[in-house]
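Chain residues, written in single-letter form:
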Amino acid sequence: MKTRTLGSLQVPAIGFGAMVLSPGVYGEIDDTRAEAALKSALDAGGTHVDTSDAYGPNGHNERLVGRAIKGRRDEVVVATKFGLAIPEGEPSRSHPVGYAFGELRVNAEPRLVRRYAEGSLRNLGTDVIDLYYAHYPDPGVPIEETVGALADLVRDGLIRHIGLSNVTAAQLRAAHAVHPVTAVQNEWSMWRPVDADLLAAARELHVGIVAWSPLGNGFLTGTVSALGEDDFRHNAPRFSAANLAGNNDRYAPIKALAAQLGITPAQLALAWLLHQDEHVVTIPGSRTPSHIEENLAAADLTLHSDTLARIDEALSRFEVSGGTLL
Ligand SMILES: NC(=O)c1ccc[n+]([C@@H]2O[C@H](COP(=O)([O-])OP(=O)(O)OC[C@H]3O[C@@H](n4cnc5c(N)ncnc54)[C@H](OP(=O)(O)O)[C@@H]3O)[C@@H](O)[C@H]2O)c1
């Protein structure tokens, strides 16, 4: 697997996003299937594993990852996040999101950061987190204060690198002035452009970018025509019955381009991302070993400049229905 650098951290160009492995995200899943998926990702070189204390109930996702890395901890870059799984009785602030439920509740107060990290270390069964992100900025707390608490964890050896997720360029600059930030993790895919100011700031500060939902929550694989029960995408306007069919129709030229190239739409979506910047990496999620192998193989694809121009042209005509707020 080709590697890339996020700040001073080396990771595979394509890693594995573990969120899909907890129930209630993309529908039903049991731990046996989840553990098999994680094992196939690690065996195939997707050894940058991204989780969060908020995926699944009571650290479910982190505990799955902890079982998977047991005995092979040194092979894996473990990334996790804090700030959404708020301890009972603690206050929280609203961060608006584009899903039907409208907001997430966040608490990234510095006084809680060590407690969050100690919980994640327990769930993961490890003594150090390689990359530890504030999951969302807390509207009630200056980001410099959250990062100050993270810097203490680096000093004390609980975490190796600091990450920020879902931030603006200004927030990244303010945080980086307190302690070097290794990576920002924001949504970026063929149907979600990254913020140009954030990309420019990351390049200038030598901060890597981890693109979340690089397959557009599965849409960009070209295989989603209906949603099952217990699928969180029922909250996403782009997947409503009214919007999904039209979005699929307008995506057809990009699917056709992938077919011409002899690759799958998922592989084209991932390879396209890797061609946007040498310090971008992706973390697609899947419960299915054959999909995982297909996705990881996209790290070896080289897209010709003519192909990239054709993709950009097709994307400029791909009008997505269903909102722009993340
Ligand atoms: N920082 C944040 O706020 C944030 C937010 C969201 C996500 N994330 C991170 O990003 C990771 C990935 O995001 P995501 O899971 O939302 O979306 P994604 O990776 O864009 O898409 C996942 C979906 O695509 C399907 N899929 C994957 N590969 C496929 C293939 N080759 N062919 C057909 N279908 C395929 C999966 O279904 P199958 O299981 O059937 O393959 C699943 O339904 C998460 O695990 C998480 O680590 C971070």
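The preceding data block contains the structure.
Residues numbered from 1 in each chain as written. Predicted model: local features only at pLDDT ≥ 70, side-chain atom pairs only at ≥ 80, totals over all residues.

What to know about the nonpolar core
Grouped burial of nonpolar side chains is what soluble globular proteins tend to show.
So, step 1. L38, V65, A117, Y132, L172, V184 and A269 are the most contacted members of the largest nonpolar core, which has 87 residues in total.
So, step 2. Here this core takes eight residues from helix α8 (residues 265–274), the largest share from any one element. (Core = buried A, V, L, I, M, F, W, Y, C linked by C-beta atoms within 7 Å. Buried ≥ 20, exposed ≤ 12 C-beta atoms within 10 Å, placed from the backbone. Helix = DSSP H or I, 4+ residues; strand = E, 2+ residues; numbered from the N terminus.)

Let's talk about the site of the ligand
So, step 1. The local shell around the ligand holds 29 residues, among which G17, M19, L215, G218 and G285 are the closest.
So, step 2. For the shell around the ligand, the per-class residue count stands at ten nonpolar, 16 polar and three charged. (Near = placed C-beta within 6 Å. Nonpolar A, V, L, I, M, F, W, Y, C, P; charged D, E, K, R; others polar.)

Topic: the pairing of strand β10 (residues 183–187)
So, step 1. With four of five residues buried, β10 lies mostly within the body of the structure.
So, step 2. Judged from the three bridges that link them, strand β9 (residues 159–165) and β10 form a sheet pairing that is parallel. Looking across to β10, one finds that S165 is bridged to Q185.
So, step 3. The pairing of β10 with strand β11 (residues 208–212) spans five bridges and is classified as parallel. (Pairing = 2+ DSSP bridges.)

Quick look at the sheet that holds strand β8 (residues 129–134)
So, step 1. An order of β3-β4-β5-β8-β9-β10-β11-β12 is seen for the eight strands of this open sheet, with the pairing classed as parallel. Strands at the two margins of the open sheet, each flanked by one partner only, are β3 (16–17) and β12 (280–282).
So, step 2. Pairing geometry for β8 and β9, over five bridges, is parallel. For A134, the partnering residue across the bridge sits in β9 and is L164.

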